[in-house]
Amino acid sequence: MLETSARLLAVLGLLQTRGTWPGADLAARVDVGERTLRKDIERLRELGYPIDSVRGPAGGYRLGEHGRLPPLLLDDQEAVAVAVGLGTVRTVRGVEEASTTALGKLEHVLPDRLRRRVRALHDSTDVGPADTATNVEAPPVDTGLLAELAAAVRDHRGIRFRYGAGEEPAEADPYRLVSWQQRWYVVARQRPSGGWRAYRADWITLRTPGGARFSPEPLDGGDYAAFVLRDVASTGWKVHARIAVDAPAADVLARINPAVGVVETVDESHSVLVTGADSLETVAVWIGMLGFDFHVGEPPELVAHLRALGRRYLRSDPSGGTGGPA
């Protein structure tokens, strides 16, 4: 059993994580009887914490909505930035539950307007697999844009925007935000075709007013992060490549980070890795990590880079290097 002071802090922390706690559940979480819990609740009230008793079958204890908890003064961008950080660490083993409870406590002390923005971003976002290293600087995160996109996802409201440099205005129905490879994407149905696409958030310039509301028709299977991986592997990078590998697809999948790309089966002994990145160097690293024989025919820039890299590796071996120029 916790000491009284530690137990009081634990009770207060649990009360901040959700609306109403049944007395029996709250007592069990801090390993005391309900009588001791009632005394702890009284002590917290004496210290100035507004804890309400809720009667009825769904009753228990909750923090008062207008209580005297210390205010947390965050502006819009700061609140969204905290939500982005807490959402990103959900993929870090050992801190998943802690990040969720921390977000609950944050929401409890935010004004209603900011609480809605933070909750919309959290509920609208999936996180892709952890990325591998890259030598290209990640784009800055526009927290205001992410908040607007999250609100559109939550409210089933279409978006009107310009995408990339010089492209015509577009409209789409947003379904999910996905954070992957230090970039943010919005998975949406294009208007009027209804086709699915992953749009990079840092290439989006929203137009006002936004689009009309839509009736959701979710992606089959509901795995929006996996869709982003597939879509970006084929269309979303500066460098795209199809690598023929002399190994079964299962063996290739076992050796690559899921963020690298998509593997297609050719036959029992051969497969194709569809991959890409924002630089030739990064693609070359991923190919080298396979540990299998491979064949690259395009793009020409990648072929030339791999040849130069091969000669550089040969020169590192005093007994086999040619000593010639790269």
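Below you will find a few notes about this structure. Please read these numbers as outputs of a predicted model, since none were measured by experiment.

**Comments concerning the overall build of the protein**
Item 1. Tallying secondary structure elements over the protein gives eleven helices and twelve strands in all.
Item 2. Among the 326 residues that make up the protein, the fraction classed as buried is 42%.
Item 3. When the accessible surface of the protein is totalled, it reaches about 17,800 Å², and 52% of it is carbon and sulfur.

**Digging into the nonpolar core**
Item 1. Counting residues in each nonpolar core, the largest one holds 29 residues, and the members touching the most others are Val118, Leu121, Phe161, Leu177, Trp184, Tyr199 and Ile204.
Item 2. For this core, the elements supplying multiple residues, two or more each, are α4 (76-88), α5 (96-108), α6 (112-123), α7 (143-155), β4 (159-163), β5 (169-180) and β6 (183-190).
Item 3. With six residues, the top contributor of residues to this core is α7.
Item 4. Among residues more than four places away in sequence, those in contact with Val118 are Ala79, Ala83, Leu103, Leu106, Glu107 and Leu110.
Item 5. Counting 22 residues, the second-largest nonpolar core is a separate cluster that includes Ala241, Ala247, Val283 and Val303.

**Quick notes on the packing of helix α1 (residues 4-15) against helix α3 (residues 34-46)**
Item 1. Where α1 meets α3, the axes come as close as 10 Å, and the angle between the chain directions of the two elements is 80 degrees. In terms of axis orientation, α1 runs roughly perpendicular to α3. Residues Thr4, Arg7, Leu8, Val11, Leu12 and Leu15 of α1 form the contact with α3, whose participating residues are Thr36, Leu37, Asp40, Ile41, Arg43 and Leu44.
Item 2. Grouping the amino acids of the contact of α1 with α3 by side-chain chemistry returns seven nonpolar, two polar and three charged.

**Quick look at the packing of α6 against α7**
Item 1. Running from N to C, α6 and α7 cross one another at 75 degrees; their axes reach a closest spacing of 8 Å. If you check the angle between α6 and α7, you find them roughly perpendicular. Contact residues: α6 offers Arg116, Arg117, Ala120 and Leu121, while α7 offers Gly144, Leu146, Ala147, Glu148, Ala150, Ala151 and Arg154.
Item 2. Here the residues of the contact of α6 with α7 sort into six nonpolar, one polar and four charged.

**A few points about the pattern of salt bridges**
Item 1. Tallied over the full model, the rule gives eleven salt bridges.
Item 2. Among the ionic pairs, Asp173 bridges to Arg191, the shortest N-O distance being 2.5 Å. Placement of the pair is Asp173 in strand β5 and Arg191 in the loop between β6 and β7 (196-200), with a sequence separation of 18 residues.
Item 3. The class for Arg191 is partly exposed, based on a relative accessible area of 27%.
Item 4. We note a salt bridge from Glu264 to Arg242, for which the minimum N-O separation is 2.9 Å.

Cut-offs and rules
- Residues numbered from 1 in each chain as written.
- Predicted model: local features only at pLDDT ≥ 70, side-chain atom pairs only at ≥ 80, totals over all residues.
- Heavy atoms only, no water.
- Helix = DSSP H or I, 4+ residues; strand = E, 2+ residues; numbered from the N terminus.
- Buried < 20%, exposed > 50% of the residue type's maximum accessible area, 1.4 Å probe, protein only.
- Areas by Shrake-Rupley, 256 points an atom, 1.4 Å probe, with all protein chains shown as cover.
- Core = buried A, V, L, I, M, F, W, Y, C linked by side-chain atoms within 4.5 Å.
- Contact = heavy atoms within 4.5 Å.
- Axes fitted to C-alpha atoms, helices over the stretch in contact; angles between N-to-C directions.
- Parallel < 35°, antiparallel > 145°, perpendicular 65-115°, else oblique.
- Nonpolar A, V, L, I, M, F, W, Y, C, P; charged D, E, K, R; others polar.
- Salt bridge = Lys/Arg side-chain N within 4 Å of Asp/Glu carboxyl O.

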